[in-house]
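This is what each chain is made of:
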Amino acid sequence: MFWTALKRIIKAGFISFWRNGSVSLSAVFVMIVALFMIASTFLITAFLGTALRDLQDKIDINIYVDSKATEAQIISLQKQIETLPEVKKVNYTSREQALADFRLRHENDHRIIQALDEVGDNPLPAALTVKAKEPSQYEGIATFLSNKSELSAGGALSIVSKVNYNDNKVAIERLSKLIIGVKKLGSIITAVMIGISILITFNTIRLAIFIARDEIGVMRLVGGSREYIRGPFVVEGILYGLVSAFITLIIFYPITYWLKNTTQVFYGGVDLLHYFVANFVQIFLVIIFSGIALGAVSSYLAVRKYLR
Amino acid sequence: MIYFDNVYKVYPDGTKALDGVTLSVKQGEFVSIVGHSGAGKTTLVKLILGEDHPTEGSVSFDSVNLRKIKSKDVPKLRRRIGVIFQDFRLLPNKTAYENVAFAMEVAGKTDDEIASDVPHVLELVDLTKKMWNFPRQLSGGELQRVAIARAIVNQPDLIIADEPTGNLDPINTYEIVQILKKINDMGTTVVLTTHNKGVVEALGKRVITMDHGKITRDDSTGKYAL
């Protein structure tokens, strides 16, 4: 009995979807817009996240070590800094390494290489590059460094000649505020977009069912139970969701392809098309699931009004 | 079969639709209810269908007290009653066949029963040729015959016809009344509301006359007295 009813409900949903062609078409169009908004927010958030992470990785503090210091002293300093809980990583660049990096960076600039050769000796200091877990923690690390007398620049026992935090302080603070702001704005926009898409989908389906309210009345008069009347509408809602999810996914491919160039100019590291293709399964599931849930829940709620 | 015991129905806007109605309809009877618009005929029908509840008094259908019926039991009640309306109330996106089959589906009939009964009932109302037409492709008389087929397909205990001939020409009216009479002859109770004098007099059955929510006459062999 249950399976017969389920079979009839699903069949009725498909038939109704097909026969109410124009209503189905408009509902599908609106849902494409809604799902498109959800998917774009999803992509943009991911894109921003990667971009911010790359940007965060570029922030660091360099501690330039006095040329008198021995390698063992520097390594022990590195160990000390690494014990700080805020510190993610400390990289040691020896003087020779710094010189090699410098030459590589300027290999096409003969005058600088020439000048370097004329100096003869290696003028570059060894450096420790400190990366914090969060951009806002750099200030604390810098304070720690300057409070420890053997580490602070200019102290009698110090092997540190210069910490470049103060030079970049303003830039780092601004960047960390910007990152926090962008993250907050991103989540607000996501919430608003998802809210809007739920509202427009719900209202469209409500209109579609408003058109069928007399039919619901007739079905009740003939003796249809609530579930039996509601079932085909929910199936129809799911079909709206499925069809629009597939169309959304199909139109997303050329759009990310087209945006690929633009986003690469804006920020070299991220490629939307690549991101879309690499995370296709996840995006596919999010869109399909959103579509089905939006359609089914909207239909369920919209029919309820006429079943009282 | 149907009992109204001192029933009052007052709508929220203060309209008194039924004013102390007491009546009973026996199994197998053919009862016509006549009266002007606003006399309370449609309210009477709504109370029998469980679409509305009486303000006072009790309405029962066999042993079911319709005043206390739970909303989840209403569908079961309606499967025992076939309804026919002036405006047909067919499902516009279903064919004649599917409209009739729908009533069997909600009653939980098997696919085999549906496949054998629906064509049979449509043959009874002479619509075999238009079985696969949609309501928009049918005339008024044909629509009403589909509605009758839908009403009788589950072999209900009671047929309620609420102004079934209101939108039809005399020839179609005659046909519909003949079909209702045939259904009654086969043993089904029929309650018909109408203000068509010709229909009532041609039937020669029990007539209840209503005015302003009260029963003013109850004649065992029908006369239309308004």
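Heads up: the structure comes first, above all this text.
In this text the structure is predicted, and so the values were computed from the model without any measurement. For every chain, the first residue of the written sequence is number 1, and numbering continues from 1 along that sequence. Numbering of ligands from 1 and lettering of chains from A proceed in the order in which they are written. Thresholds applied to this predicted model are a pLDDT of at least 70 for local features of residues and 80 or more for the giving and counting of side-chain atom pairs; totals over whole chains, interfaces and linings are not thresholded and use all residues. The side-chain figures draw on all heavy atoms in the structure; neither hydrogens nor water molecules are used.

(A) Focus on the pattern of salt bridges. Any Lys or Arg side-chain nitrogen located within 4 Å of an Asp or Glu carboxyl oxygen qualifies as a salt bridge. In the structure shown here, the tally under the stated rule is 19 salt bridges over all chains. Here B:Arg89 and B:Asp87 are joined by a salt bridge, their closest N and O atoms 3.3 Å apart. When a residue's accessible area, from a 1.4 Å probe over protein chains only, is under 20% of the maximum for its type it is buried; when over 50% it is exposed; and in between it is partly exposed. Classification of B:Arg89 by relative accessible area gives partly exposed; the value is 30%. Each of A:Lys7, A:Arg8 and B:Asp111 takes part in salt bridges that share partners, so that together they form one network.

(B) Quick peek at the sheet that holds strand β3 (residues 126-132) of chain A. Residues and elements named next belong to chain A. A pair of strands is labelled paired if DSSP reports no fewer than 2 bridges between them. The way it works is that DSSP assigns letters per residue, a run of H or I at least four long becomes a helix, a run of E at least two long becomes a strand, and they are numbered from the N terminus. What the four strands build is an open sheet, ordered β2-β3-β1-β4; its pairing is antiparallel. Only two strands of the sheet have a single neighbouring strand rather than two, namely β2 (87-93) and β4 (160-163). Strand after strand, the sheet turns through a mean of 20° between neighbouring axes, direction not considered. In the sheet, β2 pairs with β3 via six bridges, with the strands oriented antiparallel. Between the N-to-C directions of two axes lies an angle of 0 to 180 degrees, each axis being a line fitted to C-alpha atoms and, for a helix, fitted only over the stretch in contact.

(C) The interface of chain A and chain B, seen in detail. Contacts are residue-level and defined by heavy atoms, with any inter-residue pair within 4.5 Å sufficient. Contacts between chain A and chain B engage 17 residues on the former and 26 residues on the latter. Here's the idea: put two parts together, see how much 1.4 Å probe accessible area each one loses, and the total over both is what we call buried area. Three residues stand out in chain A for area buried against chain B, namely A:Arg8, A:Arg19 and A:Leu221, and they jointly supply 35% of the buried area on that side. Remark: the boundary between chain A and chain B carries three salt bridges. Of the charged contacts in the structure, one is a salt bridge between B:Asp111 and A:Lys7, with a shortest N-O distance of 2.6 Å. Put simply, the parts of the chain that give the side of chain A that touches chain B at least two residues each are α1 (2-19), α8 (213-222) and α9 (226-266) of chain A. Considering each element in turn, the side of chain A that touches chain B owes the most residues, six residues, to α8(A).

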